[in-house]
Amino acid sequence: LRFNPDLRIAHTHDLSFSSFIRLHFKYGRAADTYRRAVSKMNISNPRKGGRGFYLNLIIHPFRTGIERPLAQSILLGVSQVCTICGYLYERFLGRR
């Protein structure tokens, strides 16, 4: 594989709001599964995002000139909340 800075890939899902919520909740559940697998392999885990990462994630749509930046920003925030909820669900109530 080689890095190509000019390469652009379009990746979309045809989601309703409820399927958007379910998808990001599942991402959170998978994140816990990934964390457990990595800890068993005794390899270093990638750096976690700090407050600055999440703040930049939310304000990014306003900096890029993207269409409907407020809606995009809200959806980014909602996706992160759903991911956290899925992670916590799997961690404390999911498969043992």
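The structure we're discussing is the one just above.
Reading the values: rules and limits
- Here, residues in each chain are numbered from 1, in the same order as that chain's written sequence.
- Reporting of local features is limited, given that this is a predicted model, to residues whose pLDDT is at least 70; pairs of side-chain atoms are given and counted only at 80 or more, and all residues count toward the totals for whole chains, interfaces and linings.
- Computation of side-chain values covers all heavy atoms of the structure but excludes hydrogens and water.
- Only DSSP runs of H or I covering at least 4 residues are called helices, and only runs of E covering at least 2 are called strands; the numbering of each starts at the N terminus.
- Whether two residues are in contact is decided by their heavy atoms, any of which lying within 4.5 Å being enough.
- Any helix carries an expected span of 1.5 Å times its number of residues minus one.
- Note on bend: the value at a residue is the angle between axes fitted to the seven residues ending there and to the seven starting there.
- Only C-alpha atoms enter the line fits that serve as axes; for helices the fit covers just the stretch in contact. Angles between N-to-C directions range over 0 to 180 degrees.
- Angles are sorted into four bins: roughly parallel if under 35 degrees, roughly antiparallel if over 145, roughly perpendicular if 65 to 115, and oblique for all others.
- Crossings are sorted by hand: turned counterclockwise from the far helix by less than a right angle, the near helix makes the crossing left-handed, and turned clockwise it makes it right-handed.
- Three classes are used, and their members are as follows: Ala, Val, Leu, Ile, Met, Phe, Trp, Tyr, Cys and Pro are nonpolar, Asp, Glu, Lys and Arg are charged, and the others, Gly among them, are polar.
- We place a 1 Å grid over just the protein atoms. Points where a 1.4 Å probe fits but has no way out form a cavity, open points with protein on both sides within 12 Å along at least 5 of 7 lines form a pocket, and any residue with an atom within 4 Å of a point lines it.
- Grid points are joined across faces, edges and corners, and a volume is the space filled by probe spheres set on the points.

Asker: Just to check I follow, could you spell out the side chain of E90 for this structure?
Answerer: Among the structural elements, E90 can be located in helix α3 (residues 69–92). Setting aside anything within four residues of it in sequence, one finds E90 in contact with R29, D32, T33, R36 and R95.

Asker: Is there a simple way to explain helix α2 (residues 51–64) in this structure?
Answerer: Given 3.6 residues to a turn, an α-helix orients residues that are three or four positions apart in the same direction. Compared with the 20 Å implied by 1.5 Å per residue over 14 residues, the 20 Å span of α2 between its first and last C-alpha is a close match. The largest bend along α2 measures about 40 degrees and falls at I58, with the proline P61 one to four residues further on. Phi turns positive one or two residues past the end of α2, at G65, with a value near 75 degrees.

Asker: Is there a simple way to explain the packing of α2 against α3 in this structure?
Answerer: To describe two helices that pack against each other, one gives the angle between their axes and the distance between the axes. One can describe the packing of α2 onto α3 by two numbers: an axis separation of 7 Å at closest approach and a directional angle of 155 degrees. Here α3 runs roughly antiparallel to α2, going by the angle between their axes. Relative to α3, α2 is oriented so that their crossing is right-handed. Of the residues in α3, those in contact with Y54, L57, I58, P61 and F62 of α2 are P69, L70, Q72, S73, L76, G77 and Q80. In terms of residue class, the contact of α2 with α3 is built from 8 nonpolar, 4 polar and no charged.

Asker: What should I look at first to understand the layout of surface pockets in this one?
Answerer: Take a probe with the size of a water molecule and roll it over the atoms, and the empty space left behind shows itself. By volume, the second largest pocket amounts to about 220 Å³. Taken together, F20, H24, H60, P61, T64, I66, Q72, L75, L76 and S79 make up the full set of residues lining the second largest pocket. Those elements that place two or more of their residues in the lining of the second largest pocket are α1 (17–41), α2 and α3. A total of 4 residues in the lining of the second largest pocket trace back to one element, the largest contributor, which is α3. Its residues assigned to classes, the lining of the second largest pocket comprises 5 nonpolar, 5 polar and no charged.

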